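# Observations on the model geometry
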Amino acid sequence: MADHTPERSAPRRSLNRAAAGAIVAILAALVLAADQFAKYLALTTLPFQQPVQVWGDALQFYLTRNPGAAFSLLEGQTWIFTIVMTVAAVVIVVLTATRVRARVWAIVLGLLLGGILGNLSDRLFRDPGFLVGHVVDFINTPWMWLGMNPAIYNVADMFIVTMMIGVALLVLIGVRLDGSRERGSAGESTVTASAAPGEDDTTTTTRES
């Protein structure tokens, strides 16, 4: 007897818990190291709040300290962002330990975690104090305006924003944390569309007879 139960696509090349955790941890550590090293170079070589031309008006170095969110948004709410970043880091770690088995998800979450930890470490350990430290920003793209402020950011911000876009894309295309894919409306639409001509033909035949 044929089974007409809808099938769920099986995950491809699923990772075990240790492999997923290793990918996330290694990538997060690399991003964290790159971010902190870039900030160290900025602090030791760039003048404070003075633009340094890199590529005309398209790209500049502009060293500043940011008490707000990514790209210098919402300044003055430092403790809120410390809590948000801590919660986000914990969520990624828990997901990795319990559910992530797809390589692409491990890569995206590892890079995202590294960006979060890069800025979180500034919040925890830089002046003016624990939990309210200011994030070091030094990359300025004057052509990017966010609200009333030009975009000034760092390496961690770039990974946070791009990997959040990556998360959104994976969700939109239906890739699950275990690597399987959702099957739903696309297949149903195909069946409906293919059935429609048959219905029209039947109606036409009836009318002709």
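Residues numbered from 1 in each chain as written. Predicted model: local features only at pLDDT ≥ 70, side-chain atom pairs only at ≥ 80, totals over all residues. Heavy atoms only, no water.

## What about the overall build of the chain?
Secondary structure summary: the chain contains 5 helices and 4 strands in total. Among the 209 residues that make up the chain, the fraction classed as buried is 36%. Across the chain, contacts joining residues at least 24 apart in sequence account for 66% of those joining residues at least 6 apart. Of the roughly 12,800 Å² that the chain leaves accessible, carbon and sulfur atoms contribute 66%. (Helix = DSSP H or I, 4+ residues; strand = E, 2+ residues; numbered from the N terminus. Buried < 20%, exposed > 50% of the residue type's maximum accessible area, 1.4 Å probe, protein only. Contact = heavy atoms within 4.5 Å. Areas by Shrake-Rupley, 256 points an atom, 1.4 Å probe, with all protein chains shown as cover.)

## Here we look at the packing of aromatic side chains
The description of an aromatic ring pair uses the distance of the two centres, along with the angle that the planes make with each other. Applying the stated rule across the entire model yields 1 aromatic pair. Ring geometry for Phe61 versus Phe138: centroids 6.1 Å apart, planes at 55°, classification tilted. Residue Phe61 is found in strand β2 (residues 59–66), and its partner Phe138 is found in strand β3 (residues 135–146); the two are separated by 77 residues along the sequence. (Phe/Tyr/Trp six-rings, centres within 6.5 Å; stacked < 30°, edge-to-face > 60°.)

## Side note on a nonpolar patch on the surface
A cluster of nonpolar side chains, namely Val161, Ile165, Leu169, Leu172 and Ile173, defines an oily patch on the protein surface of about 490 Å² accessible area. Mapped onto the secondary structure, Val161 falls in helix α4 (residues 155–172). (Patch = residues over 30% accessible without salt bridge, like charges linked within 9 Å, V, L, I, M, F, W, Y side chains within 5 Å. Salt bridge = Lys/Arg side-chain N within 4 Å of Asp/Glu carboxyl O.)

## Description of the confidence of the model for the chain
Overall, the prediction assigns the chain a mean pLDDT of 81, with 73% of residues at 70 or greater. Highest mean pLDDT in the chain belongs to helix α1 (residues 17–45) (97); lowest belongs to helix α5 (residues 185–208) (41). (pLDDT = per-residue confidence, 0-100.)

## Focus: the pairing of strand β1 (residues 52–55)
Looking down a regular strand, the side chains alternate between one sheet face and the other. Relative to β2, β1 runs antiparallel, the two sharing 3 bridges. Considered in β2, the bridge of Trp55 is made with Leu59. What sits between the antiparallel neighbours β1 and β2 is a turn of 3 residues, in which Gly56 has the positive phi angle 60°. (Pairing = 2+ DSSP bridges.)

## Structural notes on the nonpolar core
If you look at the biggest cluster of nonpolar residues, it comprises 27 residues, and the most contacted ones within it are Val100, Trp105, Leu109, Leu112 and Ile116. Going through the elements one at a time, α1, α2 (78–98), α3 (103–125) and α4 are the ones with two or more residues in this core. The element contributing the most residues to this core is α3, with 10 residues. Discounting residues that sit within four places of it in the chain, Val100 has contacts with Ala20, Leu95, Trp105, Ala106, Leu109 and Leu177. (Core = buried A, V, L, I, M, F, W, Y, C linked by side-chain atoms within 4.5 Å.)

## Here's the deal with unusual backbone geometry
Residue Asp127 is joined to Pro128 through a cis peptide bond whose omega torsion reads 10°. At Gln49, a residue that is not glycine, the phi angle is positive and equals roughly 55°. In the Ramachandran plot, Leu131 falls in the positive-phi region, its phi being about 75° despite a non-glycine side chain. Here Leu131 lies in the loop between α3 and β3.

## Focus: the packing of α3 against α4
With their axes 8 Å apart at the nearest point, α3 and α4 run at an angle of 150° to one another. Taken as axis vectors, α3 and α4 run roughly antiparallel relative to one another. The interaxial crossing formed by α3 with α4 has left-handed handedness. Residue-level inspection shows Val104, Trp105, Val108, Leu109, Leu111, Leu112, Gly115, Ile116, Gly118 and Asn119 of α3 in contact with α4, the latter providing Ala156, Asp157, Phe159, Ile160, Met163, Met164, Gly166, Val167, Leu170 and Val171. The residue inventory of the contact of α3 with α4, partitioned by class, reads 15 nonpolar, 4 polar and 1 charged. (Axes fitted to C-alpha atoms, helices over the stretch in contact; angles between N-to-C directions. Parallel < 35°, antiparallel > 145°, perpendicular 65-115°, else oblique. Left-handed = near helix turned anticlockwise from the far one by under 90°. Nonpolar A, V, L, I, M, F, W, Y, C, P; charged D, E, K, R; others polar.)

## Here's the deal with the UniProt feature "active site" (unreviewed entry) in the chain
Cross-referencing UniProt, the feature "active site" (unreviewed entry) maps to Asp137 and Asp157 in the present numbering. For the residues just named, distributed over 21 residues, the greatest C-alpha separation is only 9.0 Å, placing them together at one site. Structurally, Asp137 is set in strand β3. (UniProt positions renumbered as here; feature names shortened; annotations may be inferred.)

## Notes on the UniProt feature "transmembrane region" (unreviewed entry) in the chain
The feature "transmembrane region" (unreviewed entry), as annotated in UniProt, sits at residues 79–97, 104–121 and 151–175 in this numbering. Note that residues 104–121 is 100% helix and 0% strand, and that its end C-alpha atoms are spaced 26 Å apart. Helix makes up 72% of residues 151–175 and strand 12%. Its end C-alpha atoms lie 32 Å apart.

## A look at the packing of α1 against α3
In contact at an axis separation of 7 Å, α1 and α3 are set at 35° when each is read in the N-to-C sense. For the crossing formed where α1 meets α3, the hand is right-handed. Here the residues of the contact of α1 with α3 sort into 12 nonpolar, 7 polar and 4 charged.

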